[in-house]
Amino acid sequence: MNFEKPWAEKYRPATLSDVVGRPYIIERLQSYVKQKNMPHLMFTGPAGVGKTTSALALARDMYGETWRQNFQETNASDERGINVVRERIKDFARTMPIGGSFKILFLDECDALTPDAQNALRRTMEVYTSTCRFILSCNYSSKIIPPIQSRCAIFRFGPLPEEAIAQKIRMITSAEGITITDDGLAAILYIADGDMRKAENTLQAAAFVSGEVSEEIVYQVSSRARPEEIRDMVSAAVSGNFMAARRLLDTLLVEKGLSGDDVIMQMHRQIMSEDSLSDELKVDIIDKIGEHEFRLVEGANERIQLEALIARLTKLRG
Amino acid sequence: MYNETYTPRRFSDIHGQNKPLKDIVAWINTWPREHRALIVHGPPGSGKTSAIYVIKNEMHLDLIELNTSDVRDADAITRVVGNAANAQALFASRKLILIDEADNIKGSTDSGGMRTLASVIKDTQNPIILIANDLYKLPETVRRLCDDIRFNTLRAASIKNRLRDIADAEGLEASDADLETLAEMAGGDMRAAINDLESLGTAVTADAIAMLSPRDAESSIFEGLSAIFKGRSVACRAVFREIDKPPDEILYWIDENMPRIYHPSDVARAYYYLSRADVFLGRVRIRQYYRFWAYAMDLMTAGVSVARRERATFARYESPSFFRALGKTKLRRTLLKAALKKIGAKTHTSAHDAAAFLPLLRYASADVPSGLGVMSYFEFEPEELEVVAPATAKDILAYKKKEDARREREAKRREKEEAESRNHDTAKEKRPPRRQGAPAPDPDKNQTSLFQF
């Protein structure tokens, strides 16, 4: 099998009517296309649930051929500071729209902006409203200052329903000429957890291993450990064997290529069902897990932090 | 000066370098040989120059020396080596030409030195020995004319034996343990150890030794680890001032070895400090505020050291495994960032979300041709591909080279064929010649294919 492009791109819906699992949102967006007008929008929700896809499809439907000239994507977190973002917005919004009365600027990851930066953004939005509409995308609307929220129509994108993902997966498998077993599909749905991008990436990676995608292959390629692997590591640590737990951790990080937050997230789930621990200890250790995940977010090293976390588990009974 | 007074004179004064010493003697005794010069190389204070002087004494050689205090331009080298060759007096002892610090012949003052050296070596009448710290600082033109013998770093035990000789000769009261400490501090440098012994005067005591300021030379990471794991105090911080490694690398060394050495009941406490140190390293990275390194270093050294309650076990130190040490270097982080940006650009994601594509790309690159597909779709540079698909990047790049070459050949062949059949056409149909450089019009192409089939 050859690699042409990620299936997440290849099968990204080109028009609003192809977007699955979001009937109400799509209906409202289509009404903007009909009216050739729209307010500022805010799309909130976790990764891979269709925020960017909906924005791109909206632009295509709205402008047709000229959508590229009238639509720009900017990432609030990737750029160096709000000033760079403002410059890019100004440059884009200053020029006249082609074949319409406004352009659309899609600003991704707005919750990465500090409140000060958001205030600056608010003024920029006001200045250019006549020629430019904003679609702000973020994980949590609560991180966006109220004055911006009040200027936007808010769309909440929850995790995609399983049936929507299953439908898409079946569509891709038949288009690509591969087969998927029932348990393989179930495994993909479990791993994706409402995230279409994750589902498509996992399916494509699995297809590189075999033309018949089974549960086993899905777990093999997914960046998620089997629950048993996490359980083994946690119990080695709890029984006081740090070195054994560390070897298991290395397997997960190095050989399986899991990220630190993947491991921590699964440890969190696992600790709760670890029968050998008292409830009091569980609560205590959840507090520690949270602390270490926080450190990862702050730029700490995942292996050192996970080792330290495992080392704490060795002390639980001692 | 002890170093002069106790310069070794006899073979028996040399400690710990018997093998290279014997090899040099054998080399001189078998001269003239194919290579008429010998490079003796090794770290400072390992006894290279001393060995040559001992050999001179024991073999009654006439040593003609050219060292850095002399000007070593082309003229000087020819003069010294030439004179040595010509002054063949009756009953004269055998001559040996010594060029010390040969790796320092360079720059404008020694202009032409290396070139002359090469030509002088080719037709010398006497054995020439070049001494250098680093063999590879000598130009290849010189190296290929020479044999070479290496002096390894002296072991502390050898240094201690020599210190014992000197202490006894000077009538110093020095315990074996103290001399051992001195020997260890020297890091394989005999000259340094002897200087240290002399600077202590008659007070060879542990306290006095502790006051000696550490030398500039890079202390080894092993000494640092020992200071952390064996002491139980904040004093170990000092050792790390002399270790020329970045804090994150030191962190990996401690991380790799501490749990092997500490009692299990101390591991969690030690990791508490180690992970706190790591938090500060992360803050340095995010804020580019390098003062935090100080807290990181103190926490990982002093913190881990004082976390120990039980006796530590002995274990050989292991270097951090390839993945951990190399996997997180700054270079790799930069490359990964660049790669994620490219992925993000193609997939409408931020660099953070783009990481979700990495496992897919690894699987897609497991197969070499499809790996090339990954590379061209995302427009990765070769170094970026190495980060995204470390296991197969090399094969993919080799394959790409082959494919590029094949495509180029094919393009050339097609061009040639087209040119040939065009000539063919023109001849047959007696068309007026086309304006030079004008692209072949399409109908023309159709006709050539008609002719071909």
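One can find the structure itself at the top, above this paragraph.
Below is a summary of the structure that appears in this document. (Residues numbered from 1 in each chain as written. Chains lettered and ligands numbered in written order. Predicted model: local features only at pLDDT ≥ 70, side-chain atom pairs only at ≥ 80, totals over all residues. Heavy atoms only, no water.)

## Some thoughts on unusual backbone geometry
Residue and element names in this part refer to chain B.
- Residue Pro-32 is bonded to the preceding Trp-31 through a cis peptide linkage, with omega at 5°.
- Despite not being glycine, His-60 has its phi angle at roughly 50°, a positive value.
- Among the structural elements, His-60 can be located in the loop between α3 (48-59) and β2 (62-66).
- Not every positive phi belongs to a glycine, and His-348 is a case in point at roughly 55°.
- For His-348, the location among the structural elements is in the loop between α17 (330-347) and α18 (351-354). (Helix = DSSP H or I, 4+ residues; strand = E, 2+ residues; numbered from the N terminus.)

## Quick word on the sheet that holds strand β5 (residues 146-150) of chain B
Residue and element names in this part refer to chain B.
- A sheet is described by the order of its strands in space; here five strands give the open sequence β2-β3-β4-β1-β5, paired in parallel fashion. One side of each edge strand has no neighbouring strand; the edge strands of this open sheet are β2 and β5. Averaged over all pairs of adjacent strands, the angle between strand axes in this sheet comes to 25°, irrespective of strand direction.
- Strand direction decides the pairing type here: strand β3 (residues 95-99) and strand β4 (residues 128-132), joined by three bridges, are parallel. Its bridge partner being in β4, Ile-99 is matched across the sheet by Leu-130.
- Along the sheet face, helix α2 (residues 18-29) touches β1 (37-41), β3, β4 and β5 and points at about 160° away from the line of β5.
- Relative to the sheet, α3 contacts β1, β2, β3 and β4, its axis offset from that of β4 by approximately 155°. (Pairing = 2+ DSSP bridges. Axes fitted to C-alpha atoms, helices over the stretch in contact; angles between N-to-C directions. Contact = heavy atoms within 4.5 Å.)

## Remarks on the side chain of Thr-173 of chain A
Residue and element names in this part refer to chain A.
- Looking at where Thr-173 falls in the secondary structure, it is placed in helix α8 (residues 162-176).
- A distance of 2.9 Å separates the side chain of Thr-173 from the backbone oxygen of Arg-170, its partner in a polar contact.
- What Thr-173 contacts, discounting residues up to four positions off in sequence, is Ile-178, Ile-180 and Leu-203. (Polar contact = N/O pair within 3.5 Å; in protein donor to acceptor, adjacent residues only side chain to side chain.)

## Some details on the sheet that holds strand β4 (residues 132-138) of chain A
All names here are of chain A.
- Reading across the sheet, the five strands line up as β2-β3-β4-β1-β5 and stay open at both edges, with parallel pairing between neighbours. Two strands in the sheet have a free side with no partner beyond their single neighbour: β2 (71-75) and β5 (152-156). Across the sheet, the mean angle separating the axes of adjacent strands is 20° when strand polarity is ignored.
- In the sheet, strand β3 (residues 103-108) pairs with β4 via five bridges, with the strands oriented parallel. Looking across to β4, one finds that Leu-105 is bridged to Phe-134.
- Against the sheet, helix α2 (residues 23-35) makes contact with β1 (40-44) and β5, and its axis sits at roughly 150° relative to β5, the strand it touches most.
- Relative to the sheet, helix α3 (residues 51-63) contacts β1, β2, β3 and β4, its axis offset from that of β3 by approximately 170°.

Just distances and angles here, no functional claims.
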